[in-house]
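Chain residues, written in single-letter form:
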Amino acid sequence: MELLRFTTAGSVDDGKSTLIGRLLYDSKSIFEDQMEAVKQSSERKGLQHVDLSLLTDGLRSEREQGITIDVAYRYFATPKRKFIIADTPGHIQYTRNMVTGASTANLALVLIDARKGVVEQTCRHSFIASLLKIPHIIVCVNKMDLVDYSEEAFNKVVEQYEAFAAKIDVKDIRFVPISALAGDNVVNDSENMPWYKGESLLHTLETIHIASDENHSDARFPVQTVIRPHADEYHDYRGYAGRIAGGIFRPGDKITVLPSGLTSTIKSIDTYSGPVEEAFAPMSVSITLVDDIDVSRGDMLVKDDSEPQVSQDLDAMICWMATRSPRPGAKYHLKTTTREVMSIIKEVYYKLDINTLEKQEENTDIKMNEMVKIRLRTTQPVVFDEYRKNRITGSLILVDESTNETVAAGTFL
Ligand SMILES: Nc1nc2c(ncn2[C@@H]2O[C@H](COP(=O)(O)OP(=O)(O)OP(=O)(O)O)[C@@H](O)[C@H]2O)c(=O)[nH]1
């Protein structure tokens with residue numbers, strides 16, 4: 001079953017927790033005992049309705065804790081799709097959390113209070129979504145019950161957001177008028193808004209087309225492991241295992257190994273369920289070649305017609321995630337796909353103000369949560385693509401050599 005990852009970020013009290021609770025509840029992804037606990041807490045608080053945000057906030061304390069980055073991941077499934085929600089706070093001091101949540105997302109859910117319209121947080125979250133090339137945005141105009149389910153109020157928010165969205169690079173933007181509290185258009189179609197002819201939020205999440213968002217034209221296979229079993233019967237087997245990051249590979253295809261430049265031809269492609277005649281992203285496969293050439297972990301198999309870039313000088317847009325600013329001359333492990341090399345930050349071009357997308361070229365000492373364009377110099381060649389071409393081979397993280405802390409996440413330009 002297809003998996004859709006989406007991020008949510010909103011400003012305080014937009015109703016994010018209530019919305020996520022409503023999605024889980026109405027799609028029947030909640031366990032009875034969790035629901036019973038929420039009902040009881042709501043009663044204790046003297047509420048007339050069941051406070052669904054308690055459900056989300058309760059789950060929030062059970063969240064997966066990253067060592068440096070705190071993003072609450074939540075999982076649910078319907079008969080049509082599986083979902084992972086990366087729930088991040090929208091405040092500027094949590095930019096790094098938003099970047100982490102957005103880096104693998106297929107879709108960003110932007111929540112707007114119908115009474116307030118577009119606010120700073122809305123813009124910031126949308127900018128991050130566009131910088132990280134999230135292909136789809138769904139703008140949920142929430143609390144429609146508080147504006148009498150008015151079409152005019154909804155249209156005003158749509159207009160306001162569209163005026164802002166002209167500045168960002170996201171192709172697919174949709175709008176859904178909802179009430180997370182009352183349940184309108186979240187899972188079930190609303191009877192209170194007959195003027196809205198679109199689908200409910202869940203229906204959109206279940207059916208939005210995401211397969212074509214993968215890059216199927218430029219063949220990329222980062223080698224994760226070299227398999228060479230020593231048992232006698234396999235003595236001539238040498239396979240390269242990993243996950244395809246782009247394009248299509250078939251037995252018989254001519255390939256080049258980068259960065260070495262050696263060439264060969266694919267003999268076979270194996271998967272857990274047997275050999276295949278065709279493999280594409282995001283399949284995990286093991287590839288064998290007709291020649292016994294030198295291939296190691298961190299190399300990339302590509303096809304001749306569309307080669308990635310290979311360089312030791314790399315321009316990237318990064319989000320600085322560490323509390324400590326970079327020290328002059330500090331060395332960082334640069335990790336991209338399965339490759340890891342040493343690097344230093346050679347130059348800082350500018351900082352990007354994520355409220356306005358303006359470049360700031362003066363005063364470029366880097367602080368936590370800032371987006372910065374930098375040049376890295378590595379000790380060995382790196383194989384990469386521009387992020388806009390491929391989100392997997394185009395992304396990187398920097399890990400501090402001495403503390404082992406992830407200090408930055410970024411995209412190649
Ligand atoms: N009337 C109305 N109230 C809503 C709606 N959605 C949320 N609320 C209320 O708005 C308040 C904030 O909702 P939350 O879900 O806690 O908001 P949040 O954005 O998750 O806030 P944080 O958890 O602080 O990030 C609560 O009192 C909700 O009951 C809605 O559709 N209509």
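Small disclaimer: the values here were computed from a predicted structure and weren't measured.

**Description of the overall build of the chain**
Helix and strand counts for the chain come out as 7 helices and 23 strands. Taking 22 Å as the expected radius of gyration for a compact globule of 413 residues, we find that the chain reaches 24 Å, a close match to that expectation. Along the first, second and third principal axes, the C-alpha atoms of the chain reach 70 × 55 × 40 Å. Of all intrachain contacts in the chain linking residues separated by at least 6 positions in sequence, the fraction that spans at least 24 positions is 71%.

**A closer look at the environment of Phe280**
With respect to the helices and strands, Phe280 occurs in strand β14 (residues 279–280). According to the relative accessible area criterion, Phe280 is partly exposed, its value standing at 32%. A sequence separation of 81 residues divides Phe280 from Glu361, and the C-alpha atoms of the two residues are 41 Å apart. Discounting residues that sit within four places of it in the chain, Phe280 has contacts with His216, Ile244, Gly247 and Ile248.

**Brief notes about the pattern of salt bridges**
What the rule picks out here adds up to 26 salt bridges. Residues Glu370 and Lys351 are paired through a salt bridge, measuring 3.1 Å at the closest nitrogen-oxygen approach. One end of the pair, Glu370, is in the loop between β20 (359–360) and β21 (371–384); the other, Lys351, is in strand β19 (residues 339–352), and 19 residues separate them in sequence. With a relative accessible area of 6%, Lys351 lands in the buried category. Put simply, Lys133, Asp169, Glu386 and Arg388 are held in one network by salt bridges that share partners.

**What about the packing of aromatic side chains?**
Counted by the stated rule, this structure contains 10 aromatic pairs. Here the aromatic rings of Phe154 and Trp195 are separated by 5.5 Å at their centres, their planes lie at 40°, and the arrangement is tilted. A residue pair is termed long-range when its members are at least 10 positions apart, and Phe154 in helix α6 (residues 151–165) and Trp195 in the loop between β6 (172–177) and α7 (201–207) qualify at 41 residues. Pairing Phe154 with Tyr196 gives two aromatic rings, centres 6.5 Å apart and planes at 75°, and the pair type is edge-to-face. Note that Phe154 is positioned in helix α6 and Tyr196 in the loop between β6 and α7, a separation of 42 residues in sequence. Tyr196 shares its class with Phe154; the two are buried. By the ring-pair criterion, three or more aromatic residues cluster together here, those being Phe127, Tyr161, Phe164 and Phe175. Above the face of the Phe249 ring, Lys303 is positioned so that its terminal group lies 5.8 Å from the ring centre.

**Examining the nonpolar core**
Membership of the largest hydrophobic core comes to 67 residues, with the highest contact counts inside it found for Phe6, Leu23, Ile137, Tyr161 and Leu205. For this core, the element with the highest residue contribution is α6, accounting for 7 residues. Two domains each put at least three residues into this core: domain 1 (3–213) and domain 3 (309–412). By size, the runner-up hydrophobic cluster in this structure holds 20 residues, among which are Ala316, Trp320, Leu398 and Ala408.

**Topic: the sheet that holds strand β5 (residues 136–142)**
Spatially, the 6 strands line up as an open sheet ordered β2-β3-β1-β4-β5-β6, and their pairing is mixed. Of all strands in the sheet, those with a lone pairing partner are β2 (72–77) and β6, marking the two edges. Direction aside, the axes of adjacent strands within the sheet are offset by 25° on average. Pairing between β2 and strand β3 (residues 82–87): 6 bridges, direction antiparallel. When the bridges of β3 are listed, Ala72 appears paired with Asp87. Docked against the sheet, helix α4 (residues 95–102) engages β1 (3–9), β2 and β3, running at close to 165° with respect to β1. With respect to the sheet, α6 is in contact with β4 (107–113), β5 and β6, its orientation differing from that of β6 by roughly 160°.

**A short note on the site of the ligand**
In the vicinity of the ligand there are 17 residues, among which Gly15, Ser17, Thr18, Asp145 and Ala180 approach most closely. In the environment of the ligand, an oxygen atom lies 3.2 Å from a nitrogen or oxygen atom belonging to the backbone of Asp14. A distance of 2.7 Å separates a nitrogen atom of the ligand from a polar atom in the side chain of Asp145. Taken by itself the ligand offers 640 Å² of open surface, and the protein chains cover 76% of this. Only α1 (16–26) and α3 (52–61) provide two or more residues apiece to the shell around the ligand. Per element, the largest residue contribution to the shell around the ligand is 3 residues, and it comes from α1. Per-class residue counts for the shell around the ligand are 4 nonpolar, 7 polar and 6 charged.

**Examining unusual backbone geometry**
That bond from Leu258 to Pro259 is cis: its omega, 10°, falls within 30 degrees of zero. Note that the residue after Ala281, namely Pro282, is joined by a cis bond; omega there is 0°. Of note, Pro282 is situated in the loop between β14 and β15 (284–289). Its identity is not glycine, yet Leu357 carries a phi of approximately 65°, on the positive side. Here Leu357 is to be found in the loop between β19 and β20. On the basis of relative accessible area, Leu357 is assigned to the partly exposed category, the value being 26%. Even without glycine at this site, Asn369 takes up a positive phi of about 75°.

**A closer look at the pairing of β1**
Along β1, 5 of the 7 residues are buried, which leaves the element largely enclosed by surrounding structure. Bridging between β1 and β3 involves 6 bridges; their strand directions are parallel. Looking across to β3, one finds that Leu4 is bridged to Phe83. The pairing of β1 with β4 spans 4 bridges and is classified as parallel. Across the sheet, the residue bridging to Ala9 is Val110, located in β4.

Each value, and the rule that gives it
Residues numbered from 1 in each chain as written. Predicted model: local features only at pLDDT ≥ 70, side-chain atom pairs only at ≥ 80, totals over all residues. Heavy atoms only, no water. Helix = DSSP H or I, 4+ residues; strand = E, 2+ residues; numbered from the N terminus. Rg over C-alpha atoms; globule rule 2.2 N^0.38 Å. Contact = heavy atoms within 4.5 Å. Buried < 20%, exposed > 50% of the residue type's maximum accessible area, 1.4 Å probe, protein only. Salt bridge = Lys/Arg side-chain N within 4 Å of Asp/Glu carboxyl O. Phe/Tyr/Trp six-rings, centres within 6.5 Å; stacked < 30°, edge-to-face > 60°. Lys NZ or Arg CZ within 6 Å of the ring centre and 35° of its normal. Core = buried A, V, L, I, M, F, W, Y, C linked by side-chain atoms within 4.5 Å. Domains from an automatic or database assignment. Pairing = 2+ DSSP bridges. Axes fitted to C-alpha atoms, helices over the stretch in contact; angles between N-to-C directions. Near = heavy atom within 4 Å. Polar contact = N/O pair within 3.5 Å; in protein donor to acceptor, adjacent residues only side chain to side chain. Areas by Shrake-Rupley, 256 points an atom, 1.4 Å probe, with all protein chains shown as cover. Nonpolar A, V, L, I, M, F, W, Y, C, P; charged D, E, K, R; others polar.

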